[in-house]
Amino acid sequence: MALDAKELRDKTPDQLRDQLSDLKKEAFNLRFQQASGQLESTARMRSVKRDVARVKTILNEKAAAAASEA
(Lines give C-alpha, C1' and ligand atoms only; values in the text may rest on other atoms or scores of the structure.)
Protein backbone atom coordinates (compact mmCIF):
# COMPACT_ATOMS: atom_id res chain seq x y z
CA MET A 1 0.00 0.00 0.00
CA ALA A 2 2.45 2.64 -1.15
CA LEU A 3 1.28 6.19 -0.73
CA ASP A 4 0.54 8.25 -3.82
CA ALA A 5 2.27 11.64 -3.95
CA LYS A 6 -0.80 13.23 -5.56
CA GLU A 7 -2.97 12.15 -2.63
CA LEU A 8 -0.39 13.44 -0.15
CA ARG A 9 -0.25 16.87 -1.80
CA ASP A 10 -4.00 17.27 -1.22
CA LYS A 11 -3.57 16.83 2.55
CA THR A 12 -2.95 19.61 5.05
CA PRO A 13 0.42 19.85 6.81
CA ASP A 14 -1.21 18.65 10.05
CA GLN A 15 -2.58 15.57 8.31
CA LEU A 16 0.85 14.91 6.81
CA ARG A 17 2.51 15.17 10.21
CA ASP A 18 -0.02 12.68 11.61
CA GLN A 19 0.70 10.33 8.71
CA LEU A 20 4.44 10.72 9.29
CA SER A 21 4.01 9.83 12.94
CA ASP A 22 2.02 6.70 12.04
CA LEU A 23 4.62 5.63 9.50
CA LYS A 24 7.46 6.11 11.97
CA LYS A 25 5.61 3.98 14.54
CA GLU A 26 5.11 1.28 11.91
CA ALA A 27 8.80 1.42 10.97
CA PHE A 28 9.75 1.02 14.62
CA ASN A 29 7.46 -2.00 14.99
CA LEU A 30 8.87 -3.55 11.82
CA ARG A 31 12.45 -3.09 13.08
CA PHE A 32 11.45 -4.69 16.37
CA GLN A 33 9.88 -7.65 14.56
CA GLN A 34 12.99 -8.05 12.42
CA ALA A 35 15.25 -8.05 15.47
CA SER A 36 13.15 -10.74 17.14
CA GLY A 37 12.93 -12.82 13.97
CA GLN A 38 9.17 -12.44 13.55
CA LEU A 39 9.14 -10.24 10.45
CA GLU A 40 7.06 -11.80 7.66
CA SER A 41 7.53 -9.28 4.87
CA THR A 42 10.90 -7.57 4.64
CA ALA A 43 9.69 -5.61 1.60
CA ARG A 44 7.26 -3.73 3.87
CA MET A 45 10.23 -2.09 5.64
CA ARG A 46 11.43 -0.67 2.36
CA SER A 47 8.02 0.67 1.38
CA VAL A 48 7.51 2.29 4.79
CA LYS A 49 10.92 4.00 4.55
CA ARG A 50 10.03 5.32 1.11
CA ASP A 51 6.61 6.50 2.32
CA VAL A 52 8.31 8.38 5.18
CA ALA A 53 10.65 10.04 2.67
CA ARG A 54 7.72 10.90 0.39
CA VAL A 55 5.76 12.54 3.24
CA LYS A 56 8.82 14.49 4.41
CA THR A 57 9.49 15.73 0.88
CA ILE A 58 5.95 17.00 0.45
CA LEU A 59 6.01 18.66 3.89
CA ASN A 60 9.22 20.46 2.88
CA GLU A 61 7.67 21.50 -0.44
CA LYS A 62 4.65 22.97 1.37
CA ALA A 63 6.92 24.78 3.86
CA ALA A 64 9.00 26.25 1.03
CA ALA A 65 5.86 27.35 -0.81
CA ALA A 66 4.51 29.02 2.33
CA ALA A 67 7.84 30.76 2.96
CA SER A 68 8.01 32.11 -0.60
CA GLU A 69 4.47 33.51 -0.33
CA ALA A 70 5.20 35.37 2.92
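Residues numbered from 1 in each chain as written. Predicted model: local features only at pLDDT ≥ 70, side-chain atom pairs only at ≥ 80, totals over all residues. Heavy atoms only, no water.

### Quick word on the environment of Gln19
- Tracing the chain through its elements places Gln19 in helix 2 (residues 13-35).
- Overall, Gln19 belongs to the buried group, its relative accessible area being 16%.
- At 2.7 Å, the side chain of Gln19 and the side chain of Lys11 are in polar contact. (Helix = DSSP H or I, 4+ residues; strand = E, 2+ residues; numbered from the N terminus. Buried < 20%, exposed > 50% of the residue type's maximum accessible area, 1.4 Å probe, protein only. Polar contact = N/O pair within 3.5 Å; in protein donor to acceptor, adjacent residues only side chain to side chain.)

### Details of the pattern of salt bridges
- Here the structure, examined in full by the defined rule, presents four salt bridges.
- Across the pair Glu61 and Arg9 runs a salt bridge, and its minimum N-O distance is 3.2 Å. Residue Glu61 is located in helix 3 (residues 42-69), and its partner Arg9 is located in helix 1 (residues 5-9); the two are separated by 52 residues in the primary sequence.
- The partly exposed category is assigned to Arg9, whose relative accessible area is 42%.
- A salt bridge links Glu26 to Arg44; the shortest N-O distance between them is 2.8 Å. Taken together, the residues Glu26 in helix 2 and Arg44 in helix 3 connect sequence positions 18 residues apart.
- When its relative accessible area of 22% is taken as the criterion, Arg44 is described as partly exposed. (Salt bridge = Lys/Arg side-chain N within 4 Å of Asp/Glu carboxyl O.)

### Some details on the nonpolar core
- Counting 14 residues, the largest nonpolar core has Leu8, Leu16, Leu23, Val48 and Val55 as the members making the most contacts within it.
- Elements with a minimum of two residues in this core: helix 2 and helix 3.
- The leading source of residues in this core is helix 3, at six residues.
- When near neighbours in sequence (up to four residues on either side) are disregarded, Val48 contacts Leu23, Glu26, Ala27 and Leu30. (Core = buried A, V, L, I, M, F, W, Y, C linked by side-chain atoms within 4.5 Å. Contact = heavy atoms within 4.5 Å.)

### Description of helix 2
- In a regular helix each residue adds 1.5 Å, so 23 residues correspond to 33 Å; helix 2 covers 33 Å between its end C-alpha atoms and thus fits that length.
- Within helix 2, burial applies to Leu16, Gln19, Leu20, Leu23, Ala27 and Leu30.
- Trailing helix 2 by a residue or two, Gly37 shows a phi angle of about 75°, which is positive. (Expected span 1.5 Å × (residues − 1).)

### Remarks on the confidence of the model for the protein
- Considering every residue of the protein, the mean pLDDT works out to 94; 99% of them sit at 70 or more.
- Per-element confidence in the protein is highest for helix 2, whose mean pLDDT is 97, and lowest for helix 1, whose mean pLDDT is 91. (pLDDT = per-residue confidence, 0-100.)

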